[in-house]
Amino acid sequence: MGFAPINQRRLSDDIVSQLEALILEGSLKTGERLPAERALAERFGVSRPSLREAIQKLVAKGLLVSRQGGGNYVAEGLGATFSDPLLHLLESSPEAQRDLLEFRHTLEGSCAFYAAQRATELDRERLREAFEELQQCYAGVGKVTRAQEGAADARFHLAIAEASHNAVLLHTIRALFDLLKRNVLTNIGGMYAQRSETREMLMQQHGELYAAIMDGQAELARQISNRHIDYVQEVLAEVGQEAQRTARAQRRQGL
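Below, the discussion takes up empty space enclosed by the protein. Taken as a whole, this structure holds three cavities of 30 Å³ or more when the rule is applied. Computed from the structure, the largest cavity encloses a volume of approximately 80 Å³. Arg-104, Asp-153, His-157, Val-184, Asn-187, Ile-188, Met-191, Leu-202, His-206, His-228 and Val-232 are the residues that line the largest cavity. For the lining of the largest cavity, the secondary structure elements donating two or more residues are helix 8 (146-163), helix 10 (177-194), helix 11 (198-214) and helix 12 (218-254). Its residues assigned to classes, the lining of the largest cavity shows five nonpolar, four polar and two charged. Taken as a whole, the second largest cavity holds about 50 Å³ of empty space. Lining the second largest cavity, in full, are Leu-100, Arg-104, Leu-107, Glu-108, Ile-173, Leu-176 and Leu-180. If you tally residues by element for the lining of the second largest cavity, the top one is helix 6 (residues 94-118), at four residues.

This is the structure we're talking about:
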């Protein structure tokens, strides 16, 4: 039979999942105090020992802070700095990965638009260096790790944000930098396996984006940036569908 064993979850793990979801969606805000343990246990319909075990797990992850005699709080600065605990939550959530691509669609398109309008000669030089580094990664197939390629890709987009001369866009990209690197690294492995032309397509898209910004073509730069993210979303959707088909075929074979 093609049935997989069911792993029994501890009750505290279910509580952890619910609290993580509340933190991830913003219902529990950074620095916010959780309700008293008795009240929270009643809301979840669980015992206080199970609740305490869940809280201890979240404290160990860095998502909660327990203060002696002062209650439990969401760790400070999670949303502002995209610290490691929140990165792990985002990486483990397929919905959050989709949300990140949608966010990049809006954010990077605006960065490209303003960079094309406002880039100084120094900005162009930094962008040129970042683009050349990315091109070297593309050319070094077999010699460059995916981590190095992901970092170069993220630095290229950071250089565009710097050239936008919009402080909010820049600091948002900077706060997202580690998350952006990990997102690129997560994406490219599956994309390269899914479509043989992916590397060439990414090279072409980044080249066109670079040229549009350097030429001062703001609207074209935004359109190219948007098409780039659209392409990533399209290929990743195919990766997900292929994984579902493979799993279904394996189950049928087991039957």
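Further remarks concern the pattern of salt bridges. One pass over the full model with this rule turns up 13 salt bridges. Of the charged contacts, one joins Asp-13 and Lys-57 as a salt bridge, the two residues approaching to 2.7 Å between their closest N and O atoms. Taken as a pair, Asp-13 in helix 1 (residues 11-25) and Lys-57 in helix 3 (residues 48-61) lie far apart in primary sequence, 44 residues in all. For Asp-13, a relative accessible area of 25% corresponds to the partly exposed category. Between Arg-124 and Glu-121 there is a salt bridge; the shortest N-O distance is 3.9 Å. Taken together, the positions of Arg-124 and Glu-121, both in helix 7 (residues 121-139) and three residues apart, correspond to about one turn of that helix. Exposure remark for Arg-124: the relative accessible area of 23% places this residue in the partly exposed category. For Glu-121, a relative accessible area of 52% puts it in the exposed group. Residues participating in the shared-partner salt-bridge network are Arg-10, Asp-13, Glu-53 and Lys-57.

Before going further, it helps to spend a moment on unusual backbone geometry. At His-165, a residue that is not glycine, the phi angle is positive and equals roughly 55°. Classification of His-165 by relative accessible area gives partly exposed; the value is 46%.

Taking 1.5 Å as the rise per residue, helix 1 with 15 residues should run 21 Å; its terminal C-alpha atoms sit 22 Å apart, in good agreement. Inspection of helix 1 places Ser-12, Ile-15, Val-16, Leu-19, Glu-20 and Ile-23 among the buried residues, and these make up the whole buried set. Looking straight down helix 1, one finds its buried side chains confined to an arc of 135°; they lie on one side. Of the residues trailing helix 1, Gly-26 is marked for its positive phi of about 95°.

Going through the model one piece at a time under the given rule, you end up with three aromatic pairs. Seen in terms of ring centroids, Phe-131 and Phe-156 are 5.9 Å apart; in terms of plane orientation they differ by 50°. Their pairing is tilted. On the criterion of sequence distance, the pair formed by Phe-131 in helix 7 and Phe-156 in helix 8 is long-range, its members being 25 residues apart. Given a relative accessible area of 12%, Phe-131 falls into the buried group. For Phe-156, a relative accessible area of 0% gives the class buried.

Rules used in this analysis
- Residues numbered from 1 in each chain as written.
- Predicted model: local features only at pLDDT ≥ 70, side-chain atom pairs only at ≥ 80, totals over all residues.
- Heavy atoms only, no water.
- 1 Å grid on protein atoms, 1.4 Å probe; cavity = no way out; pocket = protein on both sides within 12 Å on 5 of 7 lines; lining within 4 Å.
- Points joined across faces, edges and corners; volume = space filled by probe spheres on them.
- Helix = DSSP H or I, 4+ residues; strand = E, 2+ residues; numbered from the N terminus.
- Nonpolar A, V, L, I, M, F, W, Y, C, P; charged D, E, K, R; others polar.
- Salt bridge = Lys/Arg side-chain N within 4 Å of Asp/Glu carboxyl O.
- Buried < 20%, exposed > 50% of the residue type's maximum accessible area, 1.4 Å probe, protein only.
- Expected span 1.5 Å × (residues − 1).
- Arc of directions from axis to C-beta.
- Phe/Tyr/Trp six-rings, centres within 6.5 Å; stacked < 30°, edge-to-face > 60°.

Keep in mind these values describe shape, not function.
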